[in-house]
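# Observations on the model geometry
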Protein chains: 2
Amino acid sequence: MSDKKPLIQPRTLKGFRDFPPALAMPREQMIDKVRTVFRSYGFAPIDTPALEYAEILTGKGGDESDKQMYRFTDNGGRDVALRFDLTVPFARFAAQHIGQLGTPFKRYHVGPVWRGENTQHGRYREFYQCDFDTIGTNANAADIEIALIIHDILAALGFERFSIHVNHRLVLNGLLASLGLAEGAPAILRALDKLAKIGAEKVAAEMQATAAVAPEQARQILETVQIKGSNSEILEELEKKIGQHERAATGIANLRQLLAAFAAAGIPENRLALDVSIARGLDYYTGTVYETLLDDLPGIGSICSGGRYDDLASLYSKQHLPGVGASLGLDRLMAAMDELGLLQDSTAPADVFVVQFTEESLAHYIAVSRRLRDAGLRVELFPEAKGMGKQLKYADRKGIPLTLIGGPDEMAKGVWQVKDLRDGVSEEVGDGDLVEYLQGKL
Amino acid sequence: MSDKKPLIQPRTLKGFRDFPPALAMPREQMIDKVRTVFRSYGFAPIDTPALEYAEILTGKGGDESDKQMYRFTDNGGRDVALRFDLTVPFARFAAQHIGQLGTPFKRYHVGPVWRGENTQHGRYREFYQCDFDTIGTNANAADIEIALIIHDILAALGFERFSIHVNHRLVLNGLLASLGLAEGAPAILRALDKLAKIGAEKVAAEMQATAAVAPEQARQILETVQIKGSNSEILEELEKKIGQHERAATGIANLRQLLAAFAAAGIPENRLALDVSIARGLDYYTGTVYETLLDDLPGIGSICSGGRYDDLASLYSKQHLPGVGASLGLDRLMAAMDELGLLQDSTAPADVFVVQFTEESLAHYIAVSRRLRDAGLRVELFPEAKGMGKQLKYADRKGIPLTLIGGPDEMAKGVWQVKDLRDGVSEEVGDGDLVEYLQGKL
């Protein structure tokens, strides 16, 4: 300890974390790519405050989200809280502004949310969400677009083997109604939701126990939701089994239109998987539902999920606002990209490193750095004229692939030594050829 | 009121605001451009939590920032607060991670901060800051780079008439020391800081009243800080007046190196203005200081300011971390861009609007939209097959310049009607020429 004030221990709160460049760079690049896809579909960004009236945020919530909220009284005596998702603020936002914005309204929103969750399972108390929705229309074209965006995002991030699992709640509702089980739907779907986890036998037992489903009915439900085959075979089978039921027929028609759109868009058929067993968000979704699985990492679960809902903002507005949307799990996605080697090369802060050989020539190095930047290269010039070994070690540690060395000899000859730190090979390059040479090396 | 639960009034907290697309789009584009400049210099992003131990955040603060803090006890009984700037979290971050990250360390950080400020002067309680710093080096090359980055950011945002005002605290310190006034420096500089606001006479009076400066000394100080002329004339004049003083000489040499670097970088001379009168951040900055003014909007004050400091993280670490950096006023910058017409065209969510003529042809529209997206165009397809007038009105209201109409006639002929909503002119374009035609129109 010095004789000054004792040091304050530098630390973050439990469940919170810093993002040093090695984490922040790939996240930023990931979000850039995702936003480029959103923009290519005419989706526009919105933002809402981190802090809201607690009354707004609790409006919907069960006790669970209430307990997890960072809620306090501000200096003006207001009961406020940090948002715990981007859905509730969007509902409030829509109620407040949709009259001016008009419908259909297509937005994306990327931002942090806060939940005082148990941190045992590697969960963070501050994390990013990324939501995108089209509201103010019932058209199935909007549902199709959400699925296309999910596809394009994963492709843009470099994933090759993935599938978007889709279902339609009207198919499930129609199935249950056709068996005379419309009333028991919530309990039945809750059981069905566990199919992947606990298996058909236990699901059947739970349906019988909680929703008075007869064994034969349970068998029929499970048989239908587990139809196997190509997407069109599944549709045909559904058509036969429950196509005469009006609601189911609507669901089937919507799914058929989705398949046709994906085919027209030239997307490989195995990237879309009809899956009659998925229900999702029991009290919320009413039409199409989506889950997205990575073939190579099935264990991490769905990385992008969502669906169609009937009314977004009923807590805050009398205006009926149907919509469809999905939420991208950015943390999970980044972990998956890391595991599949899709993040490589994304953490080098620059393409070219310029050695500061002597301080007297600083202006010379600044001029060449500028020329390279104008050509679109990212260039880092070392601030001090330290020993070359130290400078090259710095560049190597940062993962910068190319270094530029111009001492008095090179300057006299009008050339640069370009050292490729990836293979250690140096070449002498004329000043006039430099940009082209470096671009060719990258 | 319906007979359901009464509606919750949708509203934001005082001093907080929503960003609908018309605000969020230009902000996002502005931040994109700024980050591209940071990246071109090898600066890497970092992020830190919104919420920190209050002890960390108050560490430095005077009462003023304490009072403005959103501070509360979390559910785990911790005394926590929302960050009120990005500097204190960076100091904490550096103390914690610099050993692993190594120096020099160049980072940028863009994110929201929260202050319970008085909202009377149009101030918001949640706003974005954008900081960039190089720490762990005393080299003047780092100071020069910060000035170059400020320049490139403004140029990238489309500003043409602006100037970066620079000074060096060693010049001011040397000046005062040469007059035997080293001890009174804080009070004198505090008076000097008001020069632009209250004028030379009142500054002289304040110096005499608060720092026992003799009238002749005050005259000499004010004469020196107000030297007029070109940058090199000012430097020469300073050289003559105080160049024999060691500290001043160092400051002058650093400024000279900065001028040479800007010249070598080919930057118009009037974009850099030596200004011996600026002091800034009296207790913090110790070397180069920057302020950035827009020639066309001098009234809004500096839009990017900063300087060199001696030790970033002394509250949290024994490691000495000198650095240099600046902070970009994003809100002010966006207001200025708006006023100077630099935001136009940035709020259209798409380049091309595809009319959904009939739902039967949806797959056809989806296919063409996809083709255009693959060519880099942003394409919005209307989700419903509503009347064409309604659809075109929607596109026009959103500011989308080009619309694509393909009804049964066009489909039969293999063509598209392209209507330019900016002039109302329509042309028939062959399907094979479509991409090129649209790109030419944008």
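Residues numbered from 1 in each chain as written. Chains lettered and ligands numbered in written order. Predicted model: local features only at pLDDT ≥ 70, side-chain atom pairs only at ≥ 80, totals over all residues. Heavy atoms only, no water.

## Let's talk about the sheet that holds strand β8 (residues 272-274) of chain B
Residues and elements named next belong to chain B.
- An order of β1-β5-β6-β11-β10-β9-β7-β8 is seen for the 8 strands of this open sheet, with the pairing classed as mixed. Two strands in the sheet have a free side with no partner beyond their single neighbour: β1 (44-45) and β8.
- When strand β5 (residues 105-114) meets strand β6 (residues 126-135), the two strands line up antiparallel, connected through 10 bridges. Residue pairing in the sheet places Arg107 in a bridge with Asp133 of β6. (Pairing = 2+ DSSP bridges. Helix = DSSP H or I, 4+ residues; strand = E, 2+ residues; numbered from the N terminus.)

## Overview of the pairing of β6(B)
Residues and elements named next belong to chain B.
- Of all 10 residues in β6, 9 are buried; the element is thus mostly enclosed.
- Here β6 pairs with strand β11 (residues 323-328) via 6 bridges, running antiparallel. Bridge pairing in β11 links Asp133 to Gly325. (Buried < 20%, exposed > 50% of the residue type's maximum accessible area, 1.4 Å probe, protein only.)

## Quick look at the relation of the copies chain B and chain A
- Once turned by 180° and shifted 0.0 Å along the axis, chain B lies on chain A with an RMSD of 0.0 Å. With respect to symmetry, the two chain copies, as superposed, fit the operation of a two-fold axis. By C-alpha distance to the rotation axis, the residue of chain B lying nearest is B:Phe72, at 3.2 Å.
- Take the interface residues of chain B: 100% of them recur as interface residues in chain A, which is what a same-surface contact looks like. (Least-squares fit on C-alpha atoms with pLDDT ≥ 70 in both. Contact = heavy atoms within 4.5 Å.)

## Overview of the nonpolar core
- Judged by nonpolar contacts, the single largest core of 98 residues is most densely connected at A:Phe132, A:Ile221, B:Leu404 and B:Leu438.
- A total of 10 residues in this core trace back to one element, the largest contributor, which is helix α5 (residues 140-156) of chain A.
- When near neighbours in sequence (up to four residues on either side) are disregarded, B:Leu404 contacts B:Val352, B:Phe353, B:Val354, B:Val355, B:Val368, B:Leu372, B:Trp416, B:Gln417, B:Val418, B:Leu434 and B:Leu438. (Core = buried A, V, L, I, M, F, W, Y, C linked by side-chain atoms within 4.5 Å.)

## Points about the environment of B:Pro89
Residues and elements named next belong to chain B.
- Within the secondary structure, Pro89 is located in helix α4 (residues 87-101).
- For Pro89, a relative accessible area of 0% translates into the label buried.
- Apart from residues no more than four positions distant in its own chain, Pro89 is found in contact with Thr48, Glu52, Leu57 and Arg83.

## Side note on the sheet that holds strand β15 (residues 415-420) of chain B
Residue and element names in this part refer to chain B.
- In space, the 5 strands of this open sheet follow the order β13-β12-β14-β15-β16, with mixed pairing throughout. Strand pairing shows two members of the sheet lacking a second neighbour, β13 (379-381) and β16 (426-430), which therefore form its edges. Within the sheet, the average angular offset between the axes of one strand and its neighbour, ignoring direction, is 25°.
- Two elements, strand β14 (residues 402-405) and β15, share 4 bridges in a ladder whose sense is antiparallel. When the sheet's bridge partners are listed, Leu404 is paired in β15 with Val418.
- Each of β12 (352-354), β13, β14 and β15 touches helix α15 (residues 388-398); the most contacted strand, β12, lies at about 160° to it. (Axes fitted to C-alpha atoms, helices over the stretch in contact; angles between N-to-C directions.)

## A few points about the packing of helix α1 (residues 21-40) of chain A against helix α1 (residues 21-40) of chain B
- Relative to each other, α1(A) and α1(B) sit at 140°, their axes nearing to 13 Å. Between α1(A) and α1(B), the crossing angle belongs to the class labelled oblique. Crossing angle aside, the handedness with which α1(A) passes α1(B) is left-handed. Between α1(A) and α1(B), the contacting residues are A:Glu28, A:Asp32, A:Arg35 and A:Arg39 on the first element and B:Glu28, B:Asp32, B:Arg35 and B:Arg39 on the second.
- Looking at the contact of α1(A) with α1(B), its residues break down into no nonpolar, no polar and 8 charged. (Parallel < 35°, antiparallel > 145°, perpendicular 65-115°, else oblique. Left-handed = near helix turned anticlockwise from the far one by under 90°. Nonpolar A, V, L, I, M, F, W, Y, C, P; charged D, E, K, R; others polar.)

## Some details on empty space enclosed by the protein
- Taken as a whole and judged by the stated rule, the model has 6 cavities of 30 Å³ or more.
- Taken as a whole, the largest cavity encloses approximately 980 Å³ of empty space.
- Around the largest cavity sit 50 residues that line it, and A:Val110, A:Gly111, A:Tyr128, B:Val110 and B:Tyr128 are the ones nearest its centre.
- Elements that contribute at least two residues to the lining of the largest cavity include exactly α1, β5 (105-114) and β6 (126-135) of chain A together with α1, β5 and β6 of chain B.
- The class makeup of the residues in the lining of the largest cavity is 27 nonpolar, 6 polar and 17 charged.
- Its boundaries defined by the atoms lining it, the second largest cavity holds a volume of some 100 Å³.
- Forming the boundary of the second largest cavity are A:Leu362, A:Ile366, A:Ser369, A:Arg373, A:Leu381, A:Phe382, A:Pro383, B:Tyr41, B:Ala141, B:Ala142, B:Glu145 and B:Leu148.
- Only α14 (362-374) of chain A together with α5 (140-156) of chain B provide two or more residues apiece to the lining of the second largest cavity.
- Residues of the lining of the second largest cavity, tallied by class, amount to 9 nonpolar, 1 polar and 2 charged. (1 Å grid on protein atoms, 1.4 Å probe; cavity = no way out; pocket = protein on both sides within 12 Å on 5 of 7 lines; lining within 4 Å. Points joined across faces, edges and corners; volume = space filled by probe spheres on them.)

## Let's talk about helix α4 (residues 87-101) of chain A
- Given a rise of 1.5 Å per residue, 15 residues ought to cover 21 Å, yet the end C-alpha atoms of α4(A) are separated by just 18 Å, more than 12% below that figure.
- At A:Ala95, α4(A) shows its maximal bend, which comes to roughly 45°.
- Among all positions of α4(A), only A:Val88, A:Pro89, A:Phe90, A:Ala91, A:Arg92, A:Phe93, A:Ala94, A:Ala95, A:His97, A:Ile98 and A:Leu101 are buried.
- Each element contacted by the buried residues of α4(A) is listed here: β2 (51-53), α2 (54-58), β5 and β6 of chain A together with α1 and α15 of chain B. (Expected span 1.5 Å × (residues − 1). Bend = angle between axes of the 7 residues up to and from the residue.)

## Things to note about the interface of chain B and chain A
- In this assembly, 109 residues from chain B lie in contact with 109 residues from chain A.
- When residues of chain B are sorted by the area they lose upon contact with chain A, B:Ile8, B:Leu13 and B:Arg370 head the list and together hold 8% of the total.
- Our count for the chain B to chain A interface comes out at 18 salt bridges.
- Between B:Glu28 and A:Arg39 there is a salt bridge, with its nearest N and O atoms 2.6 Å apart. (Buried area = accessible area lost by both parts, 1.4 Å probe. Salt bridge = Lys/Arg side-chain N within 4 Å of Asp/Glu carboxyl O.)

## A few points about the confidence of the model for chain A
- Considering every residue of chain A, the mean pLDDT works out to 94; 97% of them sit at 70 or more.
- Predicted complex metrics record ipTM = 0.93 and pTM = 0.94. (pLDDT = per-residue confidence, 0-100.)

## Quick word on the domain arrangement of chain A
- When cut into domains, chain A gives domain 1 (21-339) and domain 2 (352-441).
- Distance between the C-alpha centres of domain 1 of chain A and domain 2 of chain A: 49 Å. (Domains from an automatic or database assignment.)

## A short note on the packing of aromatic side chains
- If you walk through the whole model with that rule in mind, you get 23 aromatic pairs over all chains.
- Judged by centre distance (4.9 Å) and plane angle (45°), the ring pair of A:Phe38 and A:Phe132 falls under tilted. Taken together, the residues A:Phe38 in helix α1 and A:Phe132 in strand β6 connect sequence positions 94 residues apart. The exposure classification of A:Phe38 matches that of A:Phe132, with both residues buried.
- Between B:Phe382 and B:Tyr394 the ring centres are 5.1 Å apart and the planes differ by 70°, which places this aromatic pair in the edge-to-face class. Of this pair, B:Phe382 sits in the loop between β13 and α15 while B:Tyr394 is found in helix α15, placing the two residues 12 residues apart along the sequence. One exposure class covers both B:Phe382 and B:Tyr394, and it is buried. (Phe/Tyr/Trp six-rings, centres within 6.5 Å; stacked < 30°, edge-to-face > 60°.)

## Observations concerning unusual backbone geometry
All names here are of chain A.
- At the junction of Thr103 and Pro104, the peptide bond is cis and its omega measures out at -5° in the coordinates.
- By secondary structure assignment, the location of Pro104 is in the loop between α4 and β5.
- Despite not being glycine, Ala212 shows a phi value in the positive range, around 55°.
- Mapped onto the elements of the fold, Ala212 is located in the loop between α9 (200-211) and α10 (215-225).
- Look at Ala212 and you get exposed, because its relative accessible area is 65%.

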